[in-house]
Amino acid sequence: MLTLNNISKTYSDGTLALNDISLSLPAGMVGLLGPNGAGKSTLMRTLACLQTPDKGQITFNGINVLASAQSLRQQLGYLPQAFGVYPHMSCVALLHHIAALKNIPRPQAAIQIEELLTLTNLTRAAGKRVSTFSGGMRQRFGIAQALLGDPTLIIMDEPTAGLDPMERQRLHSMLITLSKNKLVLLSTHIVEDIENLCPHAAILMQGSIVDSGPMAHLIAPMADKTWQTSRRPSTGLLLGECYHFGSPEWRVYHACAPDKHARPVQATLQDRYFFELAQREKPPCLS
Ligand SMILES: Nc1ncnc2c1ncn2[C@@H]1O[C@H](COP(=O)(O)OP(=O)(O)OP(=O)(O)O)[C@@H](O)[C@H]1O
């Protein structure tokens, strides 16, 4: 269990990035959903002990994270949004280098690296320089390095960014396998990834937690109030515009049918997310 109590962070230029965040996250796959600039990366870096909050407390399985960063690092695997690599090092050499930085004895590291190369489907590319890898291979390498040392807390910041559908699917099944006995925190603004992968999620907007909990809890406020209509609605809160067989359709939040063309639909996490966004800014468009 990862618990955050009253975490706040203001950058030196006065930007309030995290505003009194309190959260309890269970083991398994947990999604952190928020638009650009919501504070996701700031929160991820704080959890990974790469920056400190101005106030608040974090505990992970009994460890006081802010007071014992080193104890947490031994249990942590972190995939940042972007990471640099030494241009001349091969995949396997770089993994050995990172294993050494994590204080993993070489014989143990060799066994783990072989297993991780298999898991991430990089065995055949082990001798290639990571700087020549495609986007998907690089992300898989990022996962392999994060998993060195068998961490119990895995933090992934936008892991599917820039991946093609095949690579994305491969990454999804890898994450599902991993999350069996660990806490995998997945930060993204791709709602579909969280809907597909996470039984539990938190929604972050403008540095504050809007809501968190099991998926059913997050969707519950939208139940029986979400409609889809083939005419642009004039009443209700517009959640977004989508296309059905090439024709435009609108998703609307309203207590009753917004017009005679509207039909009730099963609410999704995307509806809840767009509901929250629509209350804070101009309504988004679905694509
Ligand atoms: N080093 C910094 N100095 C000043 N402001 C910063 C810094 N890093 C982030 N911010 C600001 O803090 C806020 C939160 O940024 P953050 O990168 O955590 O959001 P995010 O949800 O990860 O966004 P994205 O999805 O675009 O990566 C933004 O307003 C951002 O401009």
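Residues numbered from 1 in each chain as written. Predicted model: local features only at pLDDT ≥ 70, side-chain atom pairs only at ≥ 80, totals over all residues. Heavy atoms only, no water.

Naming follows an unreviewed UniProt entry, where the protein chain appears as ABC transporter ATP-binding protein of Alteromonas gilva. In its Sequence similarities (unreviewed entry) section, UniProt records this for the protein chain: "Belongs to the ABC transporter superfamily." (UniProt positions renumbered as here; feature names shortened; annotations may be inferred.)

A tally of regular secondary structure across the protein chain gives nine helices and 14 strands. On C-alpha atoms alone, the protein chain measures out to a radius of gyration of 21 Å, which is about the 19 Å that the 2.2 N^0.38 rule sets for 287 residues. Along the first, second and third principal axes, the C-alpha atoms of the protein chain reach 70 × 45 × 35 Å. Pairs at least 24 apart in sequence give 66% of the contacts found in the protein chain among residues at least 6 apart. For the protein chain, the computed accessible surface area is about 13,700 Å², with 53% contributed by carbon and sulfur atoms. Of the side chains in the protein chain, 25 bear a positive and 21 a negative charge, and the two mean positions are spaced by 5 Å. (Helix = DSSP H or I, 4+ residues; strand = E, 2+ residues; numbered from the N terminus. Rg over C-alpha atoms; globule rule 2.2 N^0.38 Å. Contact = heavy atoms within 4.5 Å. Areas by Shrake-Rupley, 256 points an atom, 1.4 Å probe, with all protein chains shown as cover. Lys, Arg positive; Asp, Glu negative; His and termini not counted. Charge placed at Lys NZ, Arg CZ, Asp CG, Glu CD.)

On to the site of the ligand, then. Close to the ligand lie 15 residues, the nearest being Gly37, Gly39, Lys40, Ser41 and Thr42. In this structure, Ala38 approaches the ligand through a main-chain N or O atom, which is 3.1 Å from an oxygen atom. Within the side chain of Lys40, a nitrogen or oxygen atom sits 2.8 Å from an oxygen atom of the ligand. Protein coverage of the free-state accessible area of the ligand, which is 630 Å², stands at 65%. (Near = heavy atom within 4 Å. Polar contact = N/O pair within 3.5 Å; in protein donor to acceptor, adjacent residues only side chain to side chain.)

So, on to helix α1 (residues 40-47). Burial runs high along α1: seven of the eight residues are buried. Among the residues of α1, Lys40, Ser41, Thr42, Leu43, Met44, Thr46 and Leu47 are the ones counted as buried. Note on α1: the residue one or two positions beyond its end, Cys49, has a positive phi of about 60°. (Buried < 20%, exposed > 50% of the residue type's maximum accessible area, 1.4 Å probe, protein only.)

Turning next to the pairing of strand β13 (residues 247-253). Extensive coverage of β13 is indicated by the burial of five of its seven residues. The pairing of strand β11 (residues 226-229) with β13 spans four bridges and is antiparallel. Across the sheet, the residue bridging to Thr229 is Trp250, located in β13. Taken together, the seven bridges between strand β12 (residues 237-244) and β13 define a ladder with antiparallel strand orientation. What sits directly across from Leu238, in β13, is Val252. Joining the antiparallel neighbours β12 and β13 is a turn of two residues, in which Phe245 adopts a positive phi near 50°. (Pairing = 2+ DSSP bridges.)

Evaluated as defined, the whole model comprises one cavity of 30 Å³ or more. Of the voids in this model, the largest cavity is the one considered here, and its volume is about 40 Å³. Lining the largest cavity are Leu23, Leu25, Val30, Gly31, Leu32, Leu43, Met44, Leu47, Leu185 and Ala202. For the lining of the largest cavity, the secondary structure elements donating two or more residues are β2 (16-25), β3 (28-33) and α1. Grouping the constituent residues of the lining of the largest cavity by class yields nine nonpolar, one polar and no charged. (1 Å grid on protein atoms, 1.4 Å probe; cavity = no way out; pocket = protein on both sides within 12 Å on 5 of 7 lines; lining within 4 Å. Points joined across faces, edges and corners; volume = space filled by probe spheres on them. Nonpolar A, V, L, I, M, F, W, Y, C, P; charged D, E, K, R; others polar.)

A word on the packing of aromatic side chains. Centre-to-centre distance and the angle between the planes together describe a pair of aromatic rings. Tallying each qualifying case throughout the model produces two aromatic pairs. Between the aromatic rings of Tyr253 and Phe275, the centroid separation amounts to 4.6 Å while the plane-to-plane angle is 55°, which identifies the pairing as tilted. Placement of Tyr253 in strand β13 and of Phe275 in helix α9 (residues 269-280) is noted, with a sequence separation of 22 residues between them. (Phe/Tyr/Trp six-rings, centres within 6.5 Å; stacked < 30°, edge-to-face > 60°.)

So, about the environment of Ala267. As for its placement among the helices and strands, Ala267 is situated in the loop between β14 (263-264) and α9. With relative accessibility at 13%, the residue Ala267 sits in the buried group. Along the chain, Ala267 and Lys225 lie 42 residues apart, while their C-alpha atoms are 8.2 Å from each other. Not counting chain neighbours up to four residues away, the residues in contact with Ala267 comprise Ile219, Met222 and Thr226.

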